[in-house]
Amino acid sequence: MVKRYPHIAKITIQTPGQLINGEWVEGSDQVIEIAGRYDPVNTNNVIRQNSAGDEVIVRGEFYTKHEKITGAVSIEIAELGINRTIICWWPYQSHSVVSV
């Protein structure tokens, strides 16, 4: 039987630096692993807006049951040799879609 979510992706989350009690605390990077399915996009017709409001051509989409992660900036799927910046993350009721 075919696995619906066969890939493991590493999501990098960046926490920005901030002032706490008058002292600057450096931001940090955190990496978590989530399961999902990656599908490449082979046309230039799929365009999404990134967090800065710029339109970017989507090269692939990662489908997962994991909820949207605030602060996620990049995705790495080692078994497919993919390491890309996340354009946007669309949450739905039953799954979510990460456009890269």
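Read on for a plain summary of the structure. What you see is a predicted model, and the numbers here were worked out from it, not measured in a lab. The numbering scheme is per chain: residues are counted from 1 as the chain's sequence reads. Local features in this predicted model are restricted to residues of pLDDT 70 or higher, and side-chain atom pairs are both shown and tallied only at a pLDDT of 80 or more, whereas totals for entire chains, interfaces and linings draw on every residue. With hydrogens and water set aside, each side-chain value is computed from the structure's full complement of heavy atoms.

## Observations concerning the pattern of salt bridges
By definition, a salt bridge exists where a carboxyl oxygen of Asp or Glu is found within 4 Å of a side-chain nitrogen of Lys or Arg. Across all of its chains, the model carries two salt bridges by this definition. Of the charged contacts in the structure, one is a salt bridge between R48 and E61, with a shortest N-O distance of 3.0 Å. In this pair, R48 is assigned in strand β5 (residues 47-49) and E61 in strand β7 (residues 60-64), connecting sequence segments 13 residues apart. Each residue's exposure class comes from its accessible area (1.4 Å probe, protein chains only) as a fraction of the maximum for that residue type: buried when under 20%, exposed when over 50%, partly exposed otherwise. Since its relative accessible area comes to 10%, E61 is described here as buried. Comment: elements are numbered from the N terminus, with helices defined as DSSP H or I runs of at least four residues and strands as E runs of at least two.

## Here's the deal with the sheet that holds strand β10 (residues 88-91)
Judged by pairing direction, the sheet is antiparallel, and its seven strands sit side by side in the order β9-β8-β1-β4-β7-β11-β10 without closing on themselves. Each end of this open sheet is capped by a strand with a single partner; those strands are β9 (82-85) and β10. Across this sheet, the average inter-strand angle for adjacent strands is 30°, counted without regard to direction. If DSSP finds at least two bridges between two strands, the strands pair. In this description, a line fitted to the C-alpha atoms serves as the axis of each element, helices being fitted only across the stretch in contact, and the angle between N-to-C directions of two axes falls anywhere from 0 to 180 degrees.

## Thoughts on the nonpolar core
With 15 residues, the main nonpolar core has I11, F62, I75, I77, I86 and W89 as its most contacted residues. Elements that contribute at least two residues to this core include exactly β1 (7-15), β4 (28-40) and β8 (72-77). Once residues lying within four places of it in the same chain are set aside, the contact partners of I75 are A9, K10, I11, F62, I82, N83, R84, I86 and V100. Remark: nonpolar core denotes a set of buried residues (Ala, Val, Leu, Ile, Met, Phe, Trp, Tyr, Cys) joined through side-chain atoms within 4.5 Å. What makes two residues a contact is simply this: any of their non-hydrogen atoms within 4.5 Å.

## Quick look at the environment of I8
Tracing the backbone shows I8 in strand β1. Between the alpha carbons of I8 and A78 there is a distance of 8.1 Å; along the sequence they are 70 residues apart. Ignoring any residue separated from it by four or fewer positions in sequence, one finds I8 in contact with E33, I34, A35, E76, I77 and E79.

## Considerations on unusual backbone geometry
The backbone of N21 shows a phi angle near 55°, a positive value even though the residue is not glycine. As for its placement among the helices and strands, N21 is situated in the loop between β2 (18-20) and β3 (23-25).

## Examining the layout of surface pockets
Method remark: on a 1 Å grid restricted to protein atoms, a set of points is classed as a cavity if a 1.4 Å probe fits but cannot get out and as a pocket if it is open with protein on both sides within 12 Å along at least five of seven lines; lining residues have an atom within 4 Å of a point. Grid points are joined across faces, edges and corners, and a volume is the space filled by probe spheres set on the points. Empty space within the largest pocket amounts to approximately 280 Å³. S51, A72, I86, I87 and C88 are the residues nearest the centre of the largest pocket, which is lined by 15 residues in total.

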